[in-house]
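Single-letter residue listing:
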2 protein chains.
Amino acid sequence: MTRVYIAGVGMVPIGRHYGKSLLDLAAEAAFKALDEAGLEPDVVVVTNMLASRLQEQDNLGAYIASGIGLRGKPALRVEAACGSGGAGVYTAYSMVRSGLARSVLVVGVEKMTDYPTSTVTSALAQAADAEYELFYGASFTGLNALMMRYYMERHNVDRDTMSEWPVMMHENALSNPYAQIRRRITREDVARSQVVADPIRLLDSSPIGDGAAAVLLVSEEAAAELPEKPSVYIAGAGMATDTVELSNREALDRIPAARAAAEQAYRMAGVGPGDIDVAEIHDAFTINAVLLIEELGFAPYGEAARLLAEGRFHPGDRPTLNPSGGLKARGHPVGTTGVYQIAEVTMQLRGDFPGVRVDGAETGLAVNMGGDGSTLIAHVLRRV
Amino acid sequence: MTRVYIAGVGMVPIGRHYGKSLLDLAAEAAFKALDEAGLEPDVVVVTNMLASRLQEQDNLGAYIASGIGLRGKPALRVEAACGSGGAGVYTAYSMVRSGLARSVLVVGVEKMTDYPTSTVTSALAQAADAEYELFYGASFTGLNALMMRYYMERHNVDRDTMSEWPVMMHENALSNPYAQIRRRITREDVARSQVVADPIRLLDSSPIGDGAAAVLLVSEEAAAELPEKPSVYIAGAGMATDTVELSNREALDRIPAARAAAEQAYRMAGVGPGDIDVAEIHDAFTINAVLLIEELGFAPYGEAARLLAEGRFHPGDRPTLNPSGGLKARGHPVGTTGVYQIAEVTMQLRGDFPGVRVDGAETGLAVNMGGDGSTLIAHVLRRV
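Quick caveat: nothing in here was measured; it's all calculated off a predicted structure.

**So, the packing of aromatic side chains**
Line of reasoning, step 1. All told, the structure shown has seven aromatic pairs over all chains when counted by the stated rule.
Line of reasoning, step 2. Ring centres of Phe135 of chain B and Tyr136 of chain B lie 5.2 Å apart, and the angle between their planes is 85°; on these two criteria the pair is classed as edge-to-face.
Line of reasoning, step 3. By relative accessible area, which is 64% here, Phe135 of chain B ends up exposed.
Line of reasoning, step 4. For Tyr136 of chain B, a relative accessible area of 60% gives the class exposed.
Line of reasoning, step 5. Here the basic side chain of Arg254 of chain A rests over the ring of Tyr301 of chain A, its NZ or CZ set 4.0 Å away from the ring centre.

**Focus on the UniProt feature "domain: Thiolase N-terminal" (unreviewed entry) in chain A**
Line of reasoning, step 1. Taken from the UniProt record, the annotation "domain: Thiolase N-terminal" (unreviewed entry) applies to residues 4-221 of chain A.
Line of reasoning, step 2. Taken end to end, residues 4-221 of chain A is 39% helix and 18% strand, and its first and last C-alpha atoms sit 9 Å apart.

**Section: the environment of Leu252 of chain A**
Residues and elements named next belong to chain A.
Line of reasoning, step 1. Turning to its location among the elements, Leu252 is positioned in the loop between strand E8 (232-241) and helix H9 (256-269).
Line of reasoning, step 2. Judged by its relative accessible area of 25%, Leu252 falls in the partly exposed class.
Line of reasoning, step 3. Residues Leu252 and Ser122, 130 residues apart in the sequence, show an inter-C-alpha distance of 23 Å.
Line of reasoning, step 4. What Leu252 contacts, discounting residues up to four positions off in sequence, is Leu146, Met147, Tyr150, Leu246 and Leu291.

**Things to note about empty space enclosed by the protein**
Residues and elements named next belong to chain B.
Line of reasoning, step 1. The final tally for this structure, using the stated rule, is one cavity of 30 Å³ or more.
Line of reasoning, step 2. Space inside the largest cavity adds up to approximately 30 Å³.
Line of reasoning, step 3. Forming the boundary of the largest cavity are Gly86, Gly338, Gln341, Ile342, Ala366, Val367, Asn368, Ile377 and His379.
Line of reasoning, step 4. Going through the elements one at a time, helix H14 (337-350), strand E11 (363-370) and strand E12 (375-383) are the ones with two or more residues in the lining of the largest cavity.
Line of reasoning, step 5. In terms of residue class, the lining of the largest cavity is built from four nonpolar, five polar and no charged.

**Quick look at the relation of the copies chain B and chain A**
Line of reasoning, step 1. By a simple turn and slide, chain B fits onto chain A: the slide is 0.0 Å along the axis, the RMSD is 0.0 Å, and the turn is 180°. Taken together, these values place the two copies in the relation of a two-fold axis. Nearest to the rotation axis, the C-alpha of Ser98 of chain B is located 1.8 Å from it, this being the minimum over chain B.

**A few points about the domain arrangement of chain A**
All names here are of chain A.
Line of reasoning, step 1. Parsing chain A into structural domains produces domain 1 (4-116 + 208-232) and domain 2 (130-205 + 233-383).
Line of reasoning, step 2. Here domain 1 and domain 2 have C-alpha centroids that lie 22 Å from each other.
Line of reasoning, step 3. Taken together, the contact between domain 1 and domain 2 spans 43 residues of the former and 39 residues of the latter.
Line of reasoning, step 4. Around 3100 Å² of area is buried between domain 1 and domain 2 when both sides are counted, 72% of it from carbon and sulfur atoms.
Line of reasoning, step 5. The largest share of the area that domain 1 buries against domain 2 comes from Met11, Ile14 and Cys82, three residues that together contribute 24% of it.
Line of reasoning, step 6. Taken together, the links from domain 1 to domain 2 amount to one salt bridge.

**Points about unusual backbone geometry**
All names here are of chain A.
Line of reasoning, step 1. Arg318 connects to Pro319 through a cis peptide bond whose omega is -15°.
Line of reasoning, step 2. Tracing the backbone shows Pro319 in the loop between helix H11 (304-309) and strand E10 (320-321).
Line of reasoning, step 3. The phi dihedral of Glu56 is positive, around 50°, even though this residue is not glycine.
Line of reasoning, step 4. Take Glu56: it is sitting in the loop between strand E2 (43-47) and helix H2 (60-67).
Line of reasoning, step 5. For Asn59, which is not glycine, the phi dihedral falls at a positive 60°.

**Concerning the side chain of Thr286 of chain B**
Line of reasoning, step 1. Position of Thr286 of chain B relative to the elements: it lies in helix H11 (residues 286-295).
Line of reasoning, step 2. Contact partners of Thr286 of chain B, with chain neighbours within four places excluded, come to Met162, Trp165, Pro166 and Asp204 of chain B.

**Brief notes about the side chain of Thr337 of chain A**
Line of reasoning, step 1. As for its position among the elements, Thr337 of chain A is in helix H13 (residues 337-350).
Line of reasoning, step 2. Judged by relative accessible area, Thr337 of chain A falls into the buried class, the value being 0%.

**Focus: the pattern of salt bridges**
Line of reasoning, step 1. For the structure on display, the rule yields 56 salt bridges over all chains.
Line of reasoning, step 2. Between Asp242 of chain A and Arg249 of chain A there is a salt bridge, and its shortest N-O distance comes to 3.9 Å. The residues Asp242 of chain A and Arg249 of chain A share a single accessibility class, namely buried.
Line of reasoning, step 3. One salt bridge connects Glu362 of chain A with Arg383 of chain A, and the closest N-O pair in it is separated by 3.2 Å. Pair noted here: Glu362 of chain A is in the loop between H13 and strand E11 (363-370) and Arg383 of chain A is in strand E12 (residues 375-383), with a separation of 21 residues, a long-range link.
Line of reasoning, step 4. When its relative accessible area of 31% is taken as the criterion, Arg383 of chain A is described as partly exposed.
Line of reasoning, step 5. The network of salt bridges with common partners includes Arg71 of chain A together with Asp242, Arg249 and Asp372 of chain B.

**Some words on the layout of surface pockets**
Line of reasoning, step 1. What the largest pocket holds in volume is close to 760 Å³.
Line of reasoning, step 2. Taken together, 29 residues line the largest pocket, and the ones lying closest to its centre are Thr121, Leu124, Ser206, Pro207 and Ile208 of chain B.
Line of reasoning, step 3. The set of elements that each furnish at least two residues to the lining of the largest pocket consists of helix H4 (117-124) and helix H5 (140-154) of chain B.
Line of reasoning, step 4. With four residues, H4 of chain B is the single largest residue contributor to the lining of the largest pocket.
Line of reasoning, step 5. Looking at the lining of the largest pocket, its residues break down into 16 nonpolar, 10 polar and three charged.
Line of reasoning, step 6. The two domains that each donate at least three residues to the lining of the largest pocket are domain 1 (4-115 + 208-232) and domain 2 (117-205 + 233-383) of chain B.
Line of reasoning, step 7. Taken together, 24 residues form the lining of the second largest pocket, with Thr141, Ser205, Ser206, Ile208 and Phe285 of chain A sitting closest to its centre.

**Regarding the pairing of strand E9 (residues 278-281) of chain B**
Residue and element names in this part refer to chain B.
Line of reasoning, step 1. Side chains Val278 and Glu280 of E9 all project onto a buried face; the interleaved residues Ala279 and Ile281 project onto the opposite face, where all are buried too.
Line of reasoning, step 2. For E9 and strand E10 (residues 320-321), the ladder comprises two bridges, and the chain directions are parallel. Counterpart to Ala279 in the pairing with E10 is Leu321.
Line of reasoning, step 3. When E9 meets E11, the two strands line up parallel, connected through four bridges.

What counts and what doesn't
- Residues numbered from 1 in each chain as written.
- Chains lettered and ligands numbered in written order.
- Predicted model: local features only at pLDDT ≥ 70, side-chain atom pairs only at ≥ 80, totals over all residues.
- Heavy atoms only, no water.
- Phe/Tyr/Trp six-rings, centres within 6.5 Å; stacked < 30°, edge-to-face > 60°.
- Buried < 20%, exposed > 50% of the residue type's maximum accessible area, 1.4 Å probe, protein only.
- Lys NZ or Arg CZ within 6 Å of the ring centre and 35° of its normal.
- UniProt positions renumbered as here; feature names shortened; annotations may be inferred.
- Helix = DSSP H or I, 4+ residues; strand = E, 2+ residues; numbered from the N terminus.
- Contact = heavy atoms within 4.5 Å.
- 1 Å grid on protein atoms, 1.4 Å probe; cavity = no way out; pocket = protein on both sides within 12 Å on 5 of 7 lines; lining within 4 Å.
- Points joined across faces, edges and corners; volume = space filled by probe spheres on them.
- Nonpolar A, V, L, I, M, F, W, Y, C, P; charged D, E, K, R; others polar.
- Least-squares fit on C-alpha atoms with pLDDT ≥ 70 in both.
- Domains from an automatic or database assignment.
- Buried area = accessible area lost by both parts, 1.4 Å probe.
- Salt bridge = Lys/Arg side-chain N within 4 Å of Asp/Glu carboxyl O.
- Pairing = 2+ DSSP bridges.

Below, the structure written as structure tokens:
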């Protein structure tokens, strides 16, 4: 079976890009990835969640492919809410592995800042169940708040302990030139920030931003023909889902789909959680990160928040989690996040990530989530 | 390389399903396909265009997978406007061929009739370019009307000649139990029907409908373990795109992406247009069918409408085109159409399509389109 290499990555700094269209952003990220690889893709996979609602533009595969100068190429869009990016990489991986394509460009693009907040949050809520959750007035943050409240009560964890996650994320993002928020915060700042949906506060929540990220996946054969052979490959890929409706889940403090996706990726790569040097995980809210740390095998059930507060998972520790600053501070242009993660982990393994760096990292993990635990995608990346 | 077989198909009769939700429809089609195959899928690919706008539901992979009893399975949604179904089959094909999955269920589902027509047509128009076409007041039908007018003028084809397509489609649909419209029409009826966007009339246009279709793709190894080995496989798959904006195209009477996609599929299958016994092609409007017939190699440039009017492509001829009644009369729940086509061609090759049948058909073609020629997907199916 052909190995699938990551031959190029490109990212746009996340922020408010009033002057740039969906196409401008996609092109900027794609051109960086293609320039780095020095290769044209056979297929384009676009990942995006919100364009149907916000830009009122569908048919995004052809739209983006043509718009970035790749007219004619096979192109399609993959959507899995905030997990669209990871799902797109999973799809592209299968296309290269199948031999259907020698090279596939994955471009995640999302433009969220040109619209009233109410429009954006109602579009984002479409990751939840329209009929059984949203119809009854639940907001997406509200659903995550149920999980956070339950976790804190069940495991006797206080506000300050939970706050270590966003504090670490803001610290990590300080030196990441692609990060949306580069500002140090304290646990006190988190505790005093505005309540969004109790107990979730503003500083538990990822910001709204525009962004684009791209990665070029290539086959073993295509990689061998490049002037510089790529040094990072996808060693394992896993995906799993769960019911979208939270009330049907096994437990409010569990994300079984994360465990299943990670186990698939670990198994395929022949590694375990103890082998992971660096991971980028999905922390749209503080509670997401805490639960994922447990499901991915980095902490025992109920212990993640306490371990974090004691200094685990910070730069210098293995695994280092979210050296980018994560969704919380690097930013979370929803449909792109899974692609940012792959680009970041690739750069960590290559040793050229321009922020907090995990020296000598050989094995990395990227975990992207759609909804509040309904769609999970995990990729294990390794250095050759 | 593993062959990819079609182990089961399921279709819901297209129509106004007021009493059935998106999930109900998806389940009905999926259960038929799974029952036929007697196998659980490893992965679920959902194809849909409009749920983001109409049902305000994203994250459709997890939503549908859980909702139809396949909780936990990897699942994602593929979108390529009206070409979503074909793009989803293309994706699923790559997943099986890659060895990532032994079996992938593709479920196309779309619910369009619960909404005001203006809402549905504005959502459908998102297949066109929001910024350079829709913003200036163009409608999706209007853009197709430009192509039809140009074709008729350039090739000196009159209204009555064009009308043979919808007349044949209504005739073919008469005996298809899944068809939305089973009513005979005449060329006169077409000419006298309401103008939608001159020269496109109501009877040139596919109807709005609810529907769902499913196909189960399996690997060679999985197929061998089934009680009854599937007799139809995907021999070739092709995809190509073009600029979404019509004014940037090469010509108004050409769909080069169709030619490219078909050539890829023919080449992979080792066949040519002359080998195709039966084809289901994308006729959202009469002009789409006429142009596709030429691009797929069934008629010389500018000759398709005249050949049709002379009786070519009717039942009994090779290839027989759209024995189902096509988008025009079988119906066009947009994101599902490409999956209906694969199910129909599979049944033609198995000899159990419950409508107009192409006896002894060994090689079939399915061609699905997104936008007015911007995303094209072609699959060649063969009988073992």
